[in-house]
Structure formats: structure tokens, C-alpha cells
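# Structure assessment
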Amino acid sequence: MSQTADAPARHHARWVVAALCTGTLLSALNSGMIAVALSTLRREFGVDVATVTWVISVYYLTSAVLQPIMGRLADRYGPRRVFAIGMWTVALAGAVGPFAPNLVLLCAVRVLLAVGTATAFPSAAAMLRAVAATNGGNATKMIGRIQLVDTSSAAIGPVLGGLLIVGFGWPAIFWINVPLAALALVSTGLLAPRDAPRAHVPLRRTVAESDLPGIALFIVAIATLLGFLLELAHDPPWLLLPVAAIAGGLFAWRELRAASPFIDLRLLAANLPLVRVYALFILANLVFYGALFGIPQYLEDHAGYRTDVIGLLLLPLAAFNVVTAPLVERLIDRRGLQRALVIGLAALTVGSVALPLLGASTAPWVVLAATAAVGIPYVFVLVSITQSLYVAAPTERVGQAAGLFQTARCLGCIGAAVVVGLSFSGGTDPPDWVLLATVTVVLALATLVVALAWRPRASA
């Protein structure tokens, strides 16, 4: 095919990626919006920091459970169909969320929202193989761009959320999901590739093969450990610790014996580069989301910033993504994934050292500098890790691998929520912030050490 004939196909591929991003960005966008709403929700429902953290945790726990399942459903029933069902679910959650009368029901709505957004990334990842085969282009780089848009949305979310909360109140951060989901439905309906014919598999059979015991044990293990950790600073329920350990052990035992495991531990054991990708992604998200969830509460409670101003101050977490991403891709092409990843993690470690400075000053320029110091190197890490996923994942199971990739993100977000909840258990004053910032620096350093010590056998 000639170069001129290739150009329209590549142009169409870019539009397909843009259409898919309208759905995949919803998860990160909601993360950013809820980050600036936490102090408002605490006042609205009369709860403390640890309790309001459940609004974050139930969302990510649901996402962690459903991402691998949605990847499997996309592979079996067609990614475009699964994507559309997810967007209808997001619209439903956005419509009912504003009417939640208490935090428990608000958490239930967040679970429903997580069900919908969990479909987007695995489905998009599965569709990109077909897009690359039909229109040309590099599927690895396309999925990297989707991840980049998602991360940008996590930082744009506070800006949008702050404006909505100040102008219309906290329910508006749910209402906004209705038109956004509609946009995703229309754009993908027009541009995304149709699902290829598949053998008919009854839904009942799929449910039976979904390893419900394994899923239940995974939920029990994570939820009980989370419940223990969130109360660790006060009166920890020690009984939950052995329950979490037993559930975790039974989960591993079950997954090694199940015909269709929820998380294929044998696949992971046979593919250590893929395990490395997931482990580094968990740690990197502990750093990024620790800053995203912690800074807004500290600035609002201690410094008295308005919610919309806080959203603007968080913008540098992703403001340089568009400029930085092409530089990262060129670095990867020239120096390889491993070296680009190490450079990014080293810069993230150095940048995170700026976070404790907010304990001495919350002047706008200090906040902007600190968020930029974390946001810019995180782009290096994100692009490198995402491309590493496509290199390490088996081609025929890319949907499932992408689902587990998002599970890793969710586990990192849950861990970040726990770190924020524990650090702010005594308040949101400068000493509490310095504690959170110091832990974040240590986590960034640990991520770099893991990347250096656990090198892939062959350079990507």
C-alpha cells in the first residue's frame, strides 16, 4: 500500500483512539473529581477522613475485581458491545448519584459507577488490535496514548470537579457523567470497529466459568485488610487481620486449581516480565494518587483554599503530558523501555522530595511547583510501563492482561487512599502532611529500587 493510501487509514485510527478515550477517561476523571470533593463530603455526611476514604476504596475495589472479568467478556462477546453496556451503566450511576441520602448509599452508587467504567479500558485495548491491523499504526503506542489521556483526566478532574462543586454542589460531579457517557456511546458507535463474529456462548456458562468463589475470596481478603488498615491509627480490629490472611491463602489455593481462574496465577508465574509490569504500576500509582488524594484535603482544611482554586493548583499533575509524551516515546525508541522507565522513576523520586515543602508553605507557586515535580516524571513512568504491558502480554490474551493492568492501578489507588487515611488520622495540619509526603518519597524510592533490582532478562 502506498504512503498516500496509508495516510487516511492512519488518520482514521487516530479518530478511533480519540473516540475510545471518551470512555476510558471516565474512570480517571471521576478519580480526580472525587479527590477535591472529599472535604465537602466529610462535612455533608458528618464523617472523618478514614470513613470518607471508603468512597474511594469501594470504587477501586470494584474496579480491581471487574477489570480482569471485563477483559475476558470483551474477548468472548466483543469489545464494542461490552464497552457500550459499560457506558449505559455509567449514565445510570450519574443519574442516581445526586439523590444518595447518606454515605453508605453514595458508596453503592460509586460501586455502580465502577462497574460501568471498568468495561472501558479492557474493551479499548482489545479493539486496538483490530484497529492496528485494519488501519495501520502501532497498537502499543496507541494504548500508551489512551493511558496518557486517562492520566491527564485524573488531573483535569480536580479542575472540573472544583468548578462543579463551587457552582452547583457535590451532586454535579455525578450528573456530569450522563452527557460524557452519551458522548462515548455516540463517538464509538460511529468510529470504533464492529465486533468480529464470535461463537455463541450462553451468559449462564460465562457466569459459571467466572470463578465466583475466587472473586469472593479476593473481595474478602482486600476488604478485610482495608478495614483493618483504615482503623490502624485508632482501635484496629485485630480479628480482621487473620481473616484477610486466611482469605488470601484460600484465594491463591483456589486460583491455582480453578479451570478458569479469576486471576490466572499460573499465567503470571510463567510470565515474570508481566508480573514486573504490574508490581511497578502498583507502586507508581501509590505515589501519584497519594499526592492526588492528599493535597486537596490538606489545602482545603489547613490553607483554606476554595475547591475550584485547588483544582487549578493540581493541574500541573498532567498539564505537561501532551508535550512530554512524544519525548518519552522517542526516548524509548532510542534507548529502550528499561532505560526510559528507570529515568522516569529516578526523576519521580527526586520530584517527590518537593512534596514535604508544602508543610512549610502552601503558597500557590509552591503547590504548582510540587505538583509539576510529580506530574512530569510520572508521564515517563506511565508511557514506559504501558508499552511494557503490550510487550509482555500474550497477543491472544491482551484483553485479560489489560484488565489485570487496570487491577494493578486500582490496587495502587486503594493503597494510596489507605496511606492518606492513616497519615491524616490525627488531622490535616502541616505535621500530618509532612508524614504523608515523607511516606510518598519512600514509596517513590522503593519503586526505583524495584525497577533497578528486578531487571528483565532481555531489553525491550
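Residues numbered from 1 in each chain as written. Predicted model: local features only at pLDDT ≥ 70, side-chain atom pairs only at ≥ 80, totals over all residues. Heavy atoms only, no water.

## Digging into the overall build of the protein
Test applied: Helical segments are the DSSP runs of H or I of at least four residues, strand segments are the runs of E of at least two, and each set is numbered from the N terminus. In this setup the radius of gyration rests on C-alpha atoms only. A globule is expected at 2.2 Å times the number of residues raised to 0.38. Think of it in three bands: with a 1.4 Å probe and only protein chains considered, a residue is buried below 20% of the maximum accessible area for its type, exposed above 50%, and partly exposed in between. In this analysis, two residues are considered to be in contact whenever any of their non-hydrogen atoms come within 4.5 Å of each other. Per-residue and other accessible areas follow the Shrake-Rupley method at a 1.4 Å probe size, with only the shown protein chains counted as cover for residues.
On a plain count of helices and strands, the protein comes out with 19 helices and zero strands. In terms of overall size, the protein behaves like a compact globule, its C-alpha atoms giving a radius of gyration of 21 Å where 460 residues would be expected to give roughly 23 Å. The proportion of buried residues among the 460 residues of the protein is 58%. Residue pairs at least 24 apart in sequence account for 83% of intrachain contacts in the protein once pairs closer than 6 positions are excluded. When the accessible area of the protein is evaluated, it comes to approximately 18100 Å², of which 69% is carbon and sulfur surface.

## Looking at the packing of helix H2 (residues 49-77) against helix H4 (residues 103-117)
Stated precisely, the cut-off is as follows: For helices, the axis comes from a line fit to the C-alpha atoms of the stretch in contact; other axes are also lines fit to C-alpha atoms, and the angle between any two N-to-C directions lies between 0 and 180 degrees. For this classification, under 35 degrees means roughly parallel, over 145 means roughly antiparallel, 65 to 115 means roughly perpendicular, and everything else is oblique. Left-handed is the label given to a crossing in which the near helix is rotated counterclockwise from the far helix by less than a right angle, and right-handed is the label when the rotation is clockwise. Gly is put with the polar residues, along with every residue not named as nonpolar or charged; the nonpolar set is Ala, Val, Leu, Ile, Met, Phe, Trp, Tyr, Cys and Pro, and the charged set is Asp, Glu, Lys and Arg.
Between H2 and H4, whose axes approach to 8 Å, the crossing angle comes to 25°. One way to sum up the angle between H2 and H4 is to call them roughly parallel. When you trace H2 past H4, the crossing you get is right-handed. In contact with Thr 51, Val 52, Trp 54, Val 55, Ile 56, Val 58, Tyr 59, Thr 62, Ser 63, Leu 66 and Met 70 of H2, H4 contributes Leu 103, Cys 107, Arg 110, Val 111, Leu 113, Ala 114, Val 115 and Thr 117. The residue makeup of the contact of H2 with H4, split by class, is 14 nonpolar, four polar and one charged.

## Quick notes on the confidence of the model for the protein
Cut-off, in case you're wondering: Per-residue confidence from the predictor is given as pLDDT, running between 0 and 100.
Per-residue confidence for the protein gives a mean pLDDT of 86; residues scoring 70 or more make up 92%. Taken element by element, the protein is modelled with least confidence in helix H9 (residues 203-208), mean pLDDT 73, and with most confidence in helix H7 (residues 172-175), mean pLDDT 96. Every residue in residues 1-5 is under pLDDT 50, and counting partners more than four places away or in other chains gives two contacts.

## Some thoughts on helix H16 (residues 337-352)
The test is simple: Given the number of residues in a helix, its expected span is that number minus one, multiplied by 1.5 Å.
With 16 residues, H16 should reach 22 Å at 1.5 Å per residue; the first-to-last C-alpha distance of 22 Å fits that figure. Within H16, the full set of buried residues consists of Leu 337, Gln 338, Ala 340, Leu 341, Val 342, Gly 344, Leu 345, Leu 348, Thr 349, Gly 351 and Ser 352.

## Concerning the pattern of salt bridges
Put simply, the rule reads: We define a salt bridge as a side-chain nitrogen of Lys or Arg found within 4 Å of a carboxyl oxygen belonging to Asp or Glu.
Applying the stated criterion across every chain, the model contains four salt bridges. Among the salt bridges present, the one from Arg 43 reaches Glu 300, with a minimum N-O distance of 3.0 Å. In this pair, Arg 43 sits in helix H1 (residues 3-45) while Glu 300 sits in helix H13 (residues 272-303), placing the two residues 257 residues apart along the sequence. Among the residues examined, Arg 43 registers a relative accessible area of 55% and is labelled exposed. Note on Glu 300: relative accessible area 12%, which makes it buried. For the salt bridge of Arg 306 with Asp 308, the shortest nitrogen-to-oxygen distance reads 2.5 Å. For Asp 308, a relative accessible area of 10% puts it in the buried group.

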